[in-house]
Amino acid sequence: MSEPSVNEIILAEPRGFCAGVDRAIEIVERAIAKFGAPIYVRHEIVHNTYVVNELKAKGAIFIEDLADVPPGSTLIFSAHGVSKAVEAEAQARGFDVFDATCPLVTKVHVEVAKLAKEGYEFIMIGHKGHPEVEGTMGQLTHGIHLVEDVADVAKVQPGQTEKLAVVTQTTLSVDDAAEIAAAVRARFPKVREPKQQDICYATQNRQDAVKIMSPQVDIVIVVGSPTSSNSNRLRELAQRLGTESYMVDSADELQPEWFEGKTRVGLTAGASAPEVLVREVIDRVKALGAVSVRKMDGIEETIKFPLPKGLKLEDRPAPGHIS
Ligand code: SF4
């Protein structure tokens with residue numbers, strides 16, 4: 001086995017937490033501080049093992065089925081959003097609900113509801129089984145059809161083609177989504193597309209940074225959990241650009257042999273991965289010989305989303321509310 005030869009770490013910019021993830025975590029922390037543990041959260045608040053474990057330690061209980069939440073509890077919807085059916089069930093069970101759905105996902109929900117009233121059917125580009133896709137598709141009881149790839153576009157059977165609109169999951173590969181949208185356009189030339197695409201700024205910016213970084217490095221490490229859509233897309237993108245790439249949930253998963261014969265290591269993190277994990281990866285790679293850490297130039301993100309009402313210490317909501 002040859003000795004690892006790592007010399008430099010290049011940090012992608014931007015990387016890590018986005019505004020939607022910051023807000024979702026803050027909602028859980030504030031709810032625990034204000035109402036006391038336990039606070040119930042439907043689904044992982046964001047798709048990151050470290051974040052979820054930290055919040056569990058503070059008193060959050062993560063559930064999938066609302067039947068597992070005791071009456072009178074405070075319940076938080078995860079950043080990925082929920083269907084109308086889940087929202088209605090939470091209300092019927094009388095929980096105090098705080099909605100940590102990312103406002104950029106809510107924007108897609110609002111668009112779907114508005115166009116559905118005008119008689120539109122939808123083609124949703126996304127990954128089957130992802131909670132965001134379930135939430136967005138669940139804004140309607142019918143008339144929304146999922147396509148995961150170009151092959152699905154040939155098979156989809158909308159009830160009519162005069163009023164058809166495209167929506168996408170917010171965390172897709174920008175390039176894949178564009179290719180699938182082009183196939184939809186080719187088959188349904190009258191299709192309505194969003195004015196601004198649904199893929200969010202954070203997903204776009206992190207993918208753009210990987211596109212710039214990949215050719216400059218010998219290996220790309222993405223910090224992110226296996227369930228994180230946007231993190232997986234970063235790893236795939238680097239690999240597609242011809243750079244060996246691995247995704248790790250923590251520094252413990254790094255394998256020294258990955259770095260054999262590699263001089264420059266590119267490092268990024270998905271939108272749900274905290275910077276503390278990036279720091280731990282840096283320390284581990286430094287132990288393999290890296291002497292310098294260089295931050296790439298990149299877009300500075302300043303977006304912040306407001307918190308829902310009812311999380312300031314002075315205003316306690318009435319039972320059964322949704323904010
Ligand atoms: S990745 Fe995008 S859509 Fe998801 S929480 Fe972050 S900003 Fe919102």
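In this report, the structure presented in the accompanying data block is examined. Keep in mind the model is a prediction, meaning the values are calculated, not measured.

Moving on to the pattern of salt bridges. This structure, assessed with the given rule, holds 17 salt bridges. A salt bridge links Lys 262 to Glu 244; the nearest nitrogen and oxygen atoms lie 3.2 Å apart. Of the two residues, Lys 262 sits in the loop between strand 10 (244–248) and strand 11 (264–269) while Glu 244 sits in strand 10, which places them 18 residues apart along the sequence. Classification of Lys 262 by relative accessible area gives buried; the value is 11%. Given a relative accessible area of 29%, Glu 244 falls into the partly exposed group. Its salt-bridge partner being Glu 275, residue Arg 279 comes within 3.0 Å of it at the nearest N-O pair. Residue Arg 279 and its partner Glu 275 are both found in helix 10 (residues 275–287); the two are separated by four residues, about one turn of the helix. Judged by relative accessible area, which is 42%, Arg 279 ranks as partly exposed.

Let's shift gears to the packing of helix 8 (residues 201–213) against helix 9 (residues 229–240). It is at 10 Å that the axes of helix 8 and helix 9 come closest, and there the two elements cross at 25°. Relative to helix 9, the element helix 8 is oriented roughly parallel. Along this stretch, helix 8 crosses helix 9, giving a crossing that reads as right-handed. For the pair helix 8 and helix 9, the contacting residues are Thr 203, Arg 206, Gln 207, Val 210 and Lys 211 in the first and Asn 230, Arg 233, Leu 234, Leu 237 and Ala 238 in the second.

Computed from the structure, the largest pocket encloses a volume of approximately 390 Å³. Lining the largest pocket are 24 residues, with Phe 17, Cys 18, Asp 22, Glu 301 and Ile 303 positioned closest to its centre. Those elements giving two or more residues to the lining of the largest pocket turn out to be helix 1 (19–35) and helix 8. Sorting elements by how many residues they give to the lining of the largest pocket places helix 1 first, with four residues. Split into classes, the residues belonging to the lining of the largest pocket amount to 12 nonpolar, two polar and 10 charged. Counting residues domain by domain, the lining of the largest pocket receives three or more from each of domain 1 (8–17 + 201–295) and domain 2 (19–102).

In an α-helix there are 3.6 residues to a turn, and that puts residues three or four apart on one side. The first and last C-alpha atoms of helix 9 sit 16 Å apart over 12 residues, in line with the 16 Å expected at 1.5 Å per residue. Every buried residue belonging to helix 9 is among Ser 229, Asn 230, Ser 231, Asn 232, Arg 233, Leu 234, Leu 237 and Ala 238, and all of these are buried. Looking at the buried side of helix 9, the elements it contacts are helix 7 (174–187), helix 8, strand 9 (219–223), strand 10 and strand 11. Count one or two residues on from helix 9 and you reach Gly 242, which has phi positive near 95°.

Applying the stated rule across the entire model yields three cavities of 30 Å³ or more. Considering only enclosed or pocket space, the largest cavity measures out at about 300 Å³ in volume. Cys 18, Val 21, His 80, Thr 171 and Asn 230 are, among the 23 residues lining the largest cavity, the residues nearest its centre. Among the elements of the structure, helix 1, helix 4 (103–117), helix 8 and helix 9 are those that each provide at least two residues to the lining of the largest cavity. Along the lines of polarity and charge, the residues of the lining of the largest cavity split into 11 nonpolar, 11 polar and one charged.

Before going further, it helps to spend a moment on the site of the ligand. In the neighbourhood of the ligand, the contacting residues comprise Cys 18, Gly 20, Val 21, Cys 102, Leu 104, Thr 170, Thr 171, Cys 200, Tyr 201 and Ala 271. Under a 2 Å grid-point criterion requiring more than half of the atoms, the pocket assigned to the ligand is the largest cavity. When grouped by side-chain class, the residues that make up the shell around the ligand number seven nonpolar, three polar and no charged. Both of domain 2 (19–102) and domain 3 (104–187) provide at least three residues apiece to the shell around the ligand.

For Lys 295, the position within the fold is in strand 12 (residues 292–295). Residues Lys 295 and Leu 267, spaced 28 residues apart in sequence, show a C-alpha to C-alpha distance of 9.6 Å. In this structure, Lys 295 is in contact with Leu 11, Glu 13 and Arg 15, ignoring residues within four places of it in sequence.

Once that is clear, we can look at unusual backbone geometry. At the junction of Glu 13 and Pro 14, the peptide bond is cis and its omega measures out at 0° in the coordinates. Along the chain, the position of Pro 14 falls in the loop between strand 1 (8–11) and helix 1. Even without being glycine, His 43 reaches a positive phi, approximately 75°. Counting through the fold element by element, His 43 comes out in the loop between strand 2 (39–42) and helix 2 (49–58).

Take the pairing of strand 1 next. Side chains of strand 1 alternate between two faces, with Glu 8 and Ile 10 and Ile 9 and Leu 11 buried alike. The pairing of strand 1 with strand 12 spans four bridges and is classified as parallel. Bridge assignment links Ile 9 to a residue of strand 12, and that residue is Val 293.

Here four strands make up an open sheet; going across it, the order is 3-2-4-5 and the pairing parallel. Looking at the sheet topology across the chains shown, the edges are occupied by strand 3 (60–63) and strand 5 (96–99). Strand-to-strand twist across the sheet, computed as the mean angle between neighbouring axes with direction ignored, equals 30°. Against the sheet, helix 3 (residues 84–92) touches strand 2, strand 4 (74–77) and strand 5, its axis set at about 170° to strand 4.

Basis of the calculations
- Residues numbered from 1 in each chain as written.
- Predicted model: local features only at pLDDT ≥ 70, side-chain atom pairs only at ≥ 80, totals over all residues.
- Heavy atoms only, no water.
- Salt bridge = Lys/Arg side-chain N within 4 Å of Asp/Glu carboxyl O.
- Helix = DSSP H or I, 4+ residues; strand = E, 2+ residues; numbered from the N terminus.
- Buried < 20%, exposed > 50% of the residue type's maximum accessible area, 1.4 Å probe, protein only.
- Axes fitted to C-alpha atoms, helices over the stretch in contact; angles between N-to-C directions.
- Parallel < 35°, antiparallel > 145°, perpendicular 65-115°, else oblique.
- Left-handed = near helix turned anticlockwise from the far one by under 90°.
- Contact = heavy atoms within 4.5 Å.
- 1 Å grid on protein atoms, 1.4 Å probe; cavity = no way out; pocket = protein on both sides within 12 Å on 5 of 7 lines; lining within 4 Å.
- Points joined across faces, edges and corners; volume = space filled by probe spheres on them.
- Nonpolar A, V, L, I, M, F, W, Y, C, P; charged D, E, K, R; others polar.
- Domains from an automatic or database assignment.
- Expected span 1.5 Å × (residues − 1).
- Near = heavy atom within 4 Å.
- Sits in = over half its atoms within 2 Å of the grid points.
- Pairing = 2+ DSSP bridges.

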